[in-house]
Amino acid sequence: MMKQLTWKDLPIGGTVVEPGNARRNLTGSWRTERPVIDQDACIRCRICWMYCPEPAILELKKPYATKAGKRYDLTYEIDYDHCKGCGICAHECPVKAIKMVPEVTG
Amino acid sequence: MAVAKALSTREEVVKERVGLTSNYAAAYAVKTVDVDVIAAYPITPQTTIIEKLAEFVANGEIDAEYIPVESEHSALSAVVGAAATGARVFTATSAQGLEFMHEVLYIASGLRLPIVMAAPGRALSAPISIHGDYQDIMSARDSGWVIMIASSAQEVYDSIIMAYRIAEDNRVLLPVMVSYDGFLMSHTTEPVELYHEEYVRKFTPRNLNRPRLDPRKPMTIGVIASPDWYYEIKYQAINALKESKNVIKETHNEFNKAFGTNYDIVEKYMLDDADYVLITYGGASSGNAKEAARRARERGLRAGVLRLRLFRPFPTDEVVSAIKYSKVVAVVDRALSPGNTYEGPVFNDVVSALYNKGINKPVISVVHGISQRTMLSDDFYNLYKKLDEYAKTGEYPRKTIFIGLRGGEA
Ligand code: SF4
Ligand code: SF4
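In this text the structure is predicted, and so the values were computed from the model without any measurement.

Asks: If you had to explain the overall build of chain B to someone new, which residues and values would you point to?
Replies: For chain B, the count of helices and strands is 14 helices and 15 strands. Considering only residue pairs separated by 6 or more positions, chain B has 81% of its internal contacts joining residues 24 or more positions apart. When the accessible surface of chain B is totalled, it reaches about 17200 Å², and 52% of it is carbon and sulfur. If the 46 positive side-chain charges of chain B are averaged to one point and the 50 negative ones to another, these points end up 5 Å apart.

Printed below as a string of structure tokens:
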């Protein structure tokens, strides 16, 4: 467990002195449902990437060939460390390639 | 010897003696300390400060940005932003304007920004009143600012110079408000000795050794804090305010040395052997109270006055040691704390200061001078006589006394 900082250790006025450290705030733990992309159904339209508020959709230069033989240079994947599970991507995907599945099934 | 030295210091540092209102004295102080950014919105009785400053900037007498804003909320927000970059800033307001700034008051202190503000005190609406009292200042009481209350135009000038040094001190880093009587001081002319710029600049060197926005060294100011951080960051600020008292005293001492003055965080008048003490703040009340104390002494009452120069952090030790040996104390408030056990806000501070030191003595809560209702020396003289009567009978009022209220109290 991380040592808890006291009021004496914190930067004055709560300033954040280290740029980009929000990366270390793993908001993925907030999730109850996770988005799962069906790479065969995805048409690489980039809409989920644009709408994700986190942003937890990664646009990767990773070639992919669908079962039907269509080839793409890009692949969209989820950064599950930061995806909050809000479901916006699934809602916005025009071809319904994203499904929200329960994080933990009882 | 000490006096001779003080006189020669004074001769050296004083450039000229001019007639100024307290508002103009504030503007001259801002001019002499060399500020970078001024943002303010005019509101009575503060307007003439920023008119004067606008004139200084327009004439090129101050090398500062003057930001004309559309409200007090924006005025304080603009100086918050400027101070976050390390700029030396100034704003001024009163009454409804201070209320309109209220949200940002907490932001300024929470972000630990060394902002200096002049705030001539004024009554709050409704009913609408442009006249002076300290209701606006009292409602800023818990916002985490250092609050000083001056009692002469000279003191306004001197306090604003000291305020920059206090605010920017690394052990403080808090906004400082310099208050004084609306109209009775803000608009009346008194002789003020202005200092040579070089001495003031030497006394208020820029201290940039603090967190500030700089594109070469990116950082974030004004983040959200979740419940597991907010409490600690807030405690930092309230602790800094409490600890600032030592820095404020130190600054007073150094100012006295550099400018040949004699300031302390409380002012004691005929207190050494006083049986009956009036605790006051601001200008008019203190002058008349002192005159009343002189008259009371002529008639055999051992009277004295304690004036608060520092209101936040409250000078607990200094107040208690000044009134420890007196018989009866009356706190004369020029503001109201409606619905409290006693309606005088500073009365409550004085009582808790005494309680803190385990002292139980008769303290009377008095309200006077609301919306600039005239407070005559006669009123204070009669108050001394009353304190004497109470002491003789041993019966003390268990409620706030509203002096000069037509129709008497309910
Ligand atoms: S569920 Fe929300 S946070 Fe997660 S990837 Fe989709 S849009 Fe982004
Ligand atoms: S919105 Fe749907 S189709 Fe478009 S890139 Fe994202 S997953 Fe693929």
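Picking up after the structure, the text goes on.
Asks: Tell me what's going on with the site of ligand 2, and back it up with residues and numbers.
Replies: Cys42, Ile43, Arg44, Cys45, Arg46, Ile47, Cys48, Tyr76, Cys93, Pro94, Val95 and Ile98 of chain A make up every residue found near ligand 2. Class assignment of the residues belonging to the shell around ligand 2 gives a composition of 10 nonpolar, no polar and 2 charged.

Asks: Give me the lowdown on the site of ligand 1, citing residues and values where you can.
Replies: Around ligand 1 lies a shell formed by Pro35, Cys52, Pro53, Ile57, Cys83, Lys84, Gly85, Cys86, Gly87, Ile88 and Cys89 of chain A. Split by residue class, the shell around ligand 1 holds 8 nonpolar, 2 polar and 1 charged.

Asks: Report on the packing of helix H2 (residues 22-33) of chain B against helix H8 (residues 153-168) of chain B, specifying residues and quantitative values.
Replies: Residues and elements named next belong to chain B. It is the contact of H2 with H8, at a shortest axis distance of 8 Å, that shows an interaxial angle of 30°. As H2 packs across H8, the resulting crossing turns out to be right-handed. Of H8, the residues touching H2 (which contributes Ser22, Ala25, Ala26, Tyr28, Ala29, Val30, Thr32 and Val33) are Ala153, Val156, Tyr157, Ile160, Ile161 and Tyr164. Its residues placed into classes, the contact of H2 with H8 shows 12 nonpolar, 2 polar and no charged.

Asks: Which residues make up the pairing of strand E10 (residues 276-281) of chain B, and what values go with them?
Replies: Residues and elements named next belong to chain B. Counted residue by residue, E10 has 6 buried out of 6 residues, so it is predominantly covered. Alternating positions in E10 separate into two faces, Tyr276, Leu278 and Thr280 on one and Val277, Ile279 and Tyr281 on the other, with burial throughout. Note: E10 against strand E11 (residues 303-308), 6 bridges, orientation parallel. When the sheet's bridge partners are listed, tyrosine 281 is paired in E11 with leucine 308.

Asks: Tell me about the interface of chain A and chain B, and please be specific about residues and values.
Replies: With 12 residues of chain A at the contact, the number on the chain B side is 16 residues. Roughly 1300 Å² of surface becomes buried between chain A and chain B when both sides are summed, with 71% attributable to carbon and sulfur atoms. On the chain A side of the interface with chain B, the three residues burying the most area are Trp7, Ile12 and Gly13 of chain A, jointly 44% of the side's total. Applying the counting rule to chain A against chain B returns 0 salt bridges. Counting across the interface, chain A meets chain B through 4 residue pairs in polar contact (both at pLDDT 80 or more). Looking at the side of chain A that touches chain B residue by residue, the class counts come to 8 nonpolar, 4 polar and no charged.

Asks: How would you explain a nonpolar patch on the surface if you had to name every residue and give the values?
Replies: Residues and elements named next belong to chain A. A cluster of nonpolar side chains, namely Trp49, Met50, Tyr51 and Ile88, defines an oily patch on the protein surface of about 390 Å² accessible area. At 3 residues, helix H1 (residues 47-51) tops the list of elements feeding residues into the nonpolar patch. Mapped onto the elements of the fold, methionine 50 is located in helix H1.

Criteria and cut-off values
- Residues numbered from 1 in each chain as written.
- Chains lettered and ligands numbered in written order.
- Predicted model: local features only at pLDDT ≥ 70, side-chain atom pairs only at ≥ 80, totals over all residues.
- Heavy atoms only, no water.
- Helix = DSSP H or I, 4+ residues; strand = E, 2+ residues; numbered from the N terminus.
- Contact = heavy atoms within 4.5 Å.
- Areas by Shrake-Rupley, 256 points an atom, 1.4 Å probe, with all protein chains shown as cover.
- Lys, Arg positive; Asp, Glu negative; His and termini not counted.
- Charge placed at Lys NZ, Arg CZ, Asp CG, Glu CD.
- Near = heavy atom within 4 Å.
- Nonpolar A, V, L, I, M, F, W, Y, C, P; charged D, E, K, R; others polar.
- Axes fitted to C-alpha atoms, helices over the stretch in contact; angles between N-to-C directions.
- Left-handed = near helix turned anticlockwise from the far one by under 90°.
- Buried < 20%, exposed > 50% of the residue type's maximum accessible area, 1.4 Å probe, protein only.
- Pairing = 2+ DSSP bridges.
- Buried area = accessible area lost by both parts, 1.4 Å probe.
- Salt bridge = Lys/Arg side-chain N within 4 Å of Asp/Glu carboxyl O.
- Polar contact = N/O pair within 3.5 Å; in protein donor to acceptor, adjacent residues only side chain to side chain.
- Patch = residues over 30% accessible without salt bridge, like charges linked within 9 Å, V, L, I, M, F, W, Y side chains within 5 Å.

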